[in-house]
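Structure at a glance
Here is what each chain is made of, one letter per residue.
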Amino acid sequence: MGKDRPERIIKSKRHGKKEKQVKRLRIYMTVILVTVGVSVAAAGVLACLQIFAPPQQEEAESSSAVSSEEPEDSLPVYEDDVNLLLVNSKHKIPDSWEHQLTEYEGIEVDKRILPALQKLMEDAQKAGISLQLVSGYVSPEEQNEEYEKRIEEYRKDGYTQVRAEDKAQNSLGMGGYSESQTGLSVVFASEEGKNLKDTLAYQWLLDHSVEYGFVQRFPENKTDETGRDFSPGCYRYVGQEHALNMRRLSMCLEEYISYIDTQQG
C-alpha cells in the first residue's frame, strides 16, 4: 500500500501537466482561429470595397479624361451658312457664294467637305464596301449644256417644250439652280457596275453617311419637297449634327431648313 501512493501522485502530476498543455494548445488554436477569421473578414470587406467603389471612380476619371479631349478623328465644324446652303429650282446659288475648290480622285469638290469625304471613302473601303465617286462640282456653264441636251432628248421622245423643260429640271436642274454648283454635294456609284440601289453600298450609305455629315439629297419619298427625281447616289454635306437631326426627323434638306426657321422664329 505504501509503495502505490507515490506512483499515483506522480501520475496525477503528469496528468495535470498534460491538461495544462492541452488547455494552452486550445487557447493558442482559438487565438489563431480568431486571427484567421478576422483576417478573412477584413479581406472580404476590402474585396467588396474594391468591387463596388473603385471601378466607379476609375470610370468617372476615365469619362472625365475622354470628355476633356477632342477625338483624334473629329471632323471640322462649319457655320450654317455653309452647312444649310439651299440651292434648288426655286433658290439660285447666291452670287456671294465663294467656292473653295480642290480635287479628290479626279473630282472637283469644295475643300471644306474633303476631310469628311475622305474618311467616308476610307471607312467604306475598310468595311468592304465598293464605292466610286463620279461627280462633284459642276460649273453653271457645264450644267446648262447638259440641261439643254436633256431637253432635246425629251423633245425627241415626243414631249412638248414645256414638258421637256420640266422633266429636265426635275432630273437634272439648270445652271445656277442645281446642287452641283455648290461643291458641297457628290454623286456615288457602285464599282461593281450595278445600279447603286441594288448594292450593299447603297444600304451602307443610308446607314452611315450621316456619321460623316452627309445626307441623301434627293430621297425616294421626298420628290414633292425637293422638286427633283429620286437620286440614290447624290449626297450633300450638311455637317454631322444636322445630318443626324435630319435622319431622326426623317426630313430632306428643304423640310429641315423650314423646320429650323420655324424653331428659331
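Whatever comes next refers back to the structure up there.
Position labels on residues start from 1 in each chain and follow its written sequence. Under the rules for a predicted model, residues below a pLDDT of 70 receive no local features and side-chain atom pairs below 80 are neither given nor counted, while totals for whole chains, interfaces and linings still include all residues. As a rule here, side-chain values come from all non-hydrogen atoms in the structure, and water together with hydrogens is ignored.

1. Notes on unusual backbone geometry
Of note, the phi angle at E105 is positive, near 55 degrees, even though the residue is not glycine. In this description a helix means any DSSP run of H or I spanning at least four residues, a strand means any run of E spanning at least two, and both kinds are numbered starting from the N terminus. Inspection of the secondary structure puts E105 in the loop between β1 (101–104) and β2 (107–110). One non-glycine residue with positive phi stands out, namely S250, at about 55 degrees. Along the polypeptide, S250 turns up in the loop between α9 (240–249) and α10 (253–264).

2. Remarks on the sheet that holds strand β4 (residues 185–189)
Judged by pairing direction, the sheet is antiparallel, and its 4 strands sit side by side in the order β3-β4-β6-β5 without closing on themselves. On the outer flanks of this sheet lie β3 (132–135) and β5 (214–218), each paired with one strand and no other. Neighbour to neighbour, the strand axes of the sheet diverge by 45 degrees on average, direction disregarded. By the bridge criterion, 3 bridges tie β4 to strand β6 (residues 231–237) in an arrangement that is antiparallel. Note on pairing: DSSP must find at least two bridges between two strands before they are called paired. Axis angles are defined between N-to-C directions and span 0 to 180 degrees, where every axis is a line fitted to C-alpha atoms and, for a helix, only to the segment in contact.

3. A look at the packing of helix α5 (residues 140–156) against helix α6 (residues 161–171)
When two helices pack together, their arrangement is captured by the angle between the axes and the distance separating the axes. For the pair α5 and α6, interaxial distance at closest approach is 8 Å and the crossing angle is 130 degrees. On the basis of their axis angle, the class for α5 and α6 is oblique. In this structure, α5 crosses over α6, and the sense of that crossing is right-handed. Where α5 approaches α6, its residues Y147, R150, I151, Y154 and R155 are matched on the opposing element by Q161, A164, E165, K167, A168, Q169 and S171. Roughly parallel here means an angle under 35 degrees, roughly antiparallel means over 145, roughly perpendicular means 65 to 115, and every remaining angle is called oblique. With the far helix as reference, a near helix turned anticlockwise by less than a right angle produces a left-handed crossing, and one turned clockwise produces a right-handed crossing. Throughout, a contact is declared for two residues whenever any of their heavy atoms are within 4.5 Å.

4. Structural notes on the pattern of salt bridges
A pair is scored as a salt bridge if a Lys or Arg side-chain nitrogen falls within 4 Å of a carboxyl oxygen belonging to Asp or Glu. Taken as a whole, this structure holds 8 salt bridges when the rule is applied. Taking the shortest distance from any N to any O, the salt bridge between D123 and K119 comes out at 3.3 Å. Of the two residues, D123 and K119 both sit in helix α4 (residues 114–126), 4 residues apart, roughly one turn of that helix. In this scheme, a residue with accessible area under 20% of its type's maximum is buried, one over 50% is exposed, and one in between is partly exposed, where area comes from a 1.4 Å probe on protein chains only. On the accessibility criterion, D123 (18% relative accessible area) is buried. Residue E255 is joined to K222 by a salt bridge in which the shortest nitrogen-to-oxygen separation is 2.9 Å. Remark: K222 occurs in the loop between β5 and α8 (223–226) and E255 occurs in helix α10; sequence separation between them is 33 residues. A cluster of three or more residues bridged by salt bridges with shared partners is formed by E179, R217, R236 and E254.

Honestly, it's all geometry; don't read function into it.
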